[in-house]
Amino acid sequence: MKVLIVGSGAMGSLFAGKLKQHGVDITLLNRPNSHIKAIQKTGLQIVEQDGNLATIDLMVKTNAADLNNDYDLILLFVKAFATESVLSNVLPFLSRTTPILTLQNGVGNMEKIQKLSPSRNVVVGGTSTGAGIVKPGVVEQRAWGSTFIGSTVPEKHKQLLEQIASLFSAGGIKTHVSENVQSVIWSKLIVNVAYNGLTAVTRLTNGEAIRTDEGKELVAKLVTEAVQIAERKGILLLYDDPINECIRLGIEEIGKNTSSMLTDVLNKRKTEVEVINGAIVKEGKKHNMATPYNEMILKLVYMIENSYEQRL
Ligand SMILES: NC(=O)C1=CN([C@@H]2O[C@H](COP(=O)(O)OP(=O)(O)OC[C@H]3O[C@@H](n4cnc5c(N)ncnc54)[C@H](OP(=O)(O)O)[C@@H]3O)[C@@H](O)[C@H]2O)C=CC1
Ligand SMILES: CC(C)(CO)C(=O)C(=O)O
């Protein structure tokens, strides 16, 4: 399978490196930056769970016009707010039949892609594998949770979904196919609702955020609001006890991670809070349900995003 990864930050690089190590033909695409330059010069380095470093040579492009037109899959790993601008530059250079897989966090990713390219096959996933860029060219895997993928037309995409799941699983990214795409999206959303905003505000790793009773209590409140909305929308989650599942993940699988939202805050960047905690607040308003904890996190993260230069 030939895979083009659009967005070569922490996650794009990690997936590229792991898949390439298992023989997948990978091309990375990103606008030029110091991380990309370092990968082009000396290869990508992945810091493994045991601290060992693996170096992987990768094909990296910074201009969509230089891409080949024969990819079997496009994997999208830009931030949710960048989807439209990035894809509208890239898609004109690619075949209209190449499917896209988004593993971006938040809600609305599938809809944005479908709007830009209505005839294309789009599949969606949520991953609790996580990573951070340590320095240009070096990515550290810091979360080892599962990846779930699905489609609005699961029968039509059965073969594609199974092919992706077996390719990723062989590359060390445990991936499962779900029949219900909304379950996939909301089950992952709830994990992000639990950790991303809370850690962006407190500047703690996921594991540290739930070390205290106060942290666990806030996770429970944030998750409860999201679960009530999922129930109102008739969305079945992939786990029976969402609060315990989020705490379990924080202890066993994603505790070491600096959440992607905290990373954005540390880098003084725009965050995805609007499509994570903001999605709960928006849905709450629609269904006349109060979401005070998510609303508080949303406003705090907006305050942080809008005052990077004023911080003491
Ligand atoms: N990090 C994690 O642990 C996890 C992240 N995710 C999700 O995966 C997705 C990617 O996250 P992650 O890899 O951490 O993010 P990064 O910020 O590390 O990577 C995003 C990449 O997109 C590039 N990019 C290209 N064009 C644009 C543009 N117009 N605006 C913004 N970025 C652009 C960025 O380039 P440049 O740096 O030059 O801006 C960067 O290389 C997100 O949706 C995130 O929520 C999901 C699970 C875990
Ligand atoms: C890995 C996980 C679930 C939590 O860190 C995540 O999705 C993120 O950081 O955005």
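Please read all numbers here as calculations on a predicted model, not as lab measurements.

## Structural notes on the overall build of the chain
Next, step 1: Scanning the chain for helices and strands turns up 12 helices and 10 strands.
Next, step 2: Over its C-alpha trace the chain gives a radius of gyration of 19 Å, about what one expects of a compact globule, namely 20 Å for 312 residues.
Next, step 3: For the chain, the spread of C-alpha atoms along the principal axes amounts to about 50 × 45 × 35 Å.
Next, step 4: Of the contacts made within the chain by residues no fewer than 6 positions apart, 71% connect residues no fewer than 24 positions apart.
Next, step 5: Accessible surface for the chain amounts to roughly 14,200 Å². Of this, 50% is attributable to carbon and sulfur atoms.

## Some details on the domain arrangement of the chain
Many structure descriptions define interface size as the accessible area lost when the parts assemble.
Next, step 1: Each domain of the chain was delimited in the assignment, giving domain 1 (2-179) and domain 2 (183-310).
Next, step 2: When each unit is reduced to the centre of its C-alpha atoms, the spacing between domain 1 and domain 2 is 23 Å.
Next, step 3: In this assembly, 25 residues from domain 1 lie in contact with 21 residues from domain 2.
Next, step 4: Interface area for domain 1 against domain 2, summed over the two sides, is near 2,000 Å², with a carbon-plus-sulfur share of 59%.
Next, step 5: Broken down residue by residue, the surface that domain 1 buries against domain 2 is led by Asn105, Val107 and Arg142, which jointly contribute 30%.
Next, step 6: Our count for the domain 1 to domain 2 interface comes out at 2 salt bridges.
Next, step 7: Between Lys79 and Asp264 there is a salt bridge, and its shortest N-O distance comes to 2.9 Å.
Next, step 8: Here domain 1 is connected to domain 2 by 8 residue pairs in polar contact (both at pLDDT 80 or more).
Next, step 9: In terms of residue count, strand β9 (residues 138-150) provides more of the side of domain 1 that touches domain 2 than any other element does, 10 residues in total.

## Things to note about the site of ligand 2
Next, step 1: Neighbouring residues of ligand 2: Asn105, Lys188, Val191, Asn192, Asn196, Asn206, Ile254, Asn257, Ser259 and Ser260.
Next, step 2: With respect to ligand 2, the side chain of Lys188 contributes an N or O atom lying 2.7 Å from an oxygen atom.
Next, step 3: Here an oxygen atom of ligand 2 and a side-chain polar atom of Asn257 are 2.9 Å apart.
Next, step 4: The protein chains hide 96% of the 280 Å² of surface that ligand 2 would expose on its own.
Next, step 5: Taken together, the residues that form the shell around ligand 2 break down as 2 nonpolar, 7 polar and 1 charged.

## Observations concerning the site of ligand 1
Next, step 1: Lining the immediate surroundings of ligand 1 are 25 residues, of which Met11, Asn30, Arg31, Asn105 and Glu272 lie closest.
Next, step 2: Ala10 places a main-chain nitrogen or oxygen 2.9 Å from an oxygen atom of ligand 1.
Next, step 3: Its free accessible area being 880 Å², ligand 1 has 87% of it covered by the protein chains.
Next, step 4: Looking at the shell around ligand 1, the elements that each hand over two or more residues are α1 (10-21), α3 (83-90) and β8 (122-135).
Next, step 5: Looking at the shell around ligand 1, the element that brings in the most residues is β8, giving 4 residues.

## Some details on the side chain of Ser128
Next, step 1: Mapped onto the fold, Ser128 is located in strand β8.
Next, step 2: Note on Ser128: relative accessible area 11%, which makes it buried.

## Details of helix α9 (residues 242-252)
Next, step 1: Listed as buried for α9 are Pro242, Glu245, Cys246, Ile247, Leu249 and Gly250.
Next, step 2: Those residues of α9 that are buried are in contact with α6 (181-202), α7 (206-209) and α8 (213-232).

## Thoughts on the pattern of salt bridges
Next, step 1: Counted by the stated rule, this structure contains 12 salt bridges.
Next, step 2: Arg248 serves as the salt-bridge partner of Glu245, at 3.0 Å between the closest nitrogen and oxygen. In this pair, Glu245 and Arg248 both sit in helix α9, 3 residues apart, roughly one turn of the helix.
Next, step 3: Between Glu295 and Lys299 there is a salt bridge whose closest N-O contact spans 3.3 Å. Residue Glu295 and its partner Lys299 are located together in helix α12 (residues 292-305), separated by 4 residues, close to a single helical turn.
Next, step 4: One network of salt bridges, with partners in common, ties together Glu245, Arg248, Glu252 and Glu253.

## Looking at the UniProt feature "domain: Ketopantoate reductase N-terminal" (unreviewed entry) in the chain
Next, step 1: UniProt tags residues 3-151 as "domain: Ketopantoate reductase N-terminal" (unreviewed entry).
Next, step 2: Taken end to end, residues 3-151 is 25% helix and 36% strand, and its two terminal C-alpha atoms sit 19 Å from one another.

## Some remarks on the UniProt feature "domain: Ketopantoate reductase C-terminal" (unreviewed entry) in the chain
Next, step 1: As annotated in UniProt, the feature "domain: Ketopantoate reductase C-terminal" (unreviewed entry) corresponds to residues 180-304 in the numbering used here.
Next, step 2: Counted over residues 180-304, helix gives 70% and strand 0%. Its end C-alpha atoms are 35 Å apart.

Rules behind the numbers
- Residues numbered from 1 in each chain as written.
- Chains lettered and ligands numbered in written order.
- Predicted model: local features only at pLDDT ≥ 70, side-chain atom pairs only at ≥ 80, totals over all residues.
- Heavy atoms only, no water.
- Helix = DSSP H or I, 4+ residues; strand = E, 2+ residues; numbered from the N terminus.
- Rg over C-alpha atoms; globule rule 2.2 N^0.38 Å.
- Contact = heavy atoms within 4.5 Å.
- Areas by Shrake-Rupley, 256 points an atom, 1.4 Å probe, with all protein chains shown as cover.
- Domains from an automatic or database assignment.
- Buried area = accessible area lost by both parts, 1.4 Å probe.
- Salt bridge = Lys/Arg side-chain N within 4 Å of Asp/Glu carboxyl O.
- Polar contact = N/O pair within 3.5 Å; in protein donor to acceptor, adjacent residues only side chain to side chain.
- Near = heavy atom within 4 Å.
- Nonpolar A, V, L, I, M, F, W, Y, C, P; charged D, E, K, R; others polar.
- Buried < 20%, exposed > 50% of the residue type's maximum accessible area, 1.4 Å probe, protein only.
- UniProt positions renumbered as here; feature names shortened; annotations may be inferred.

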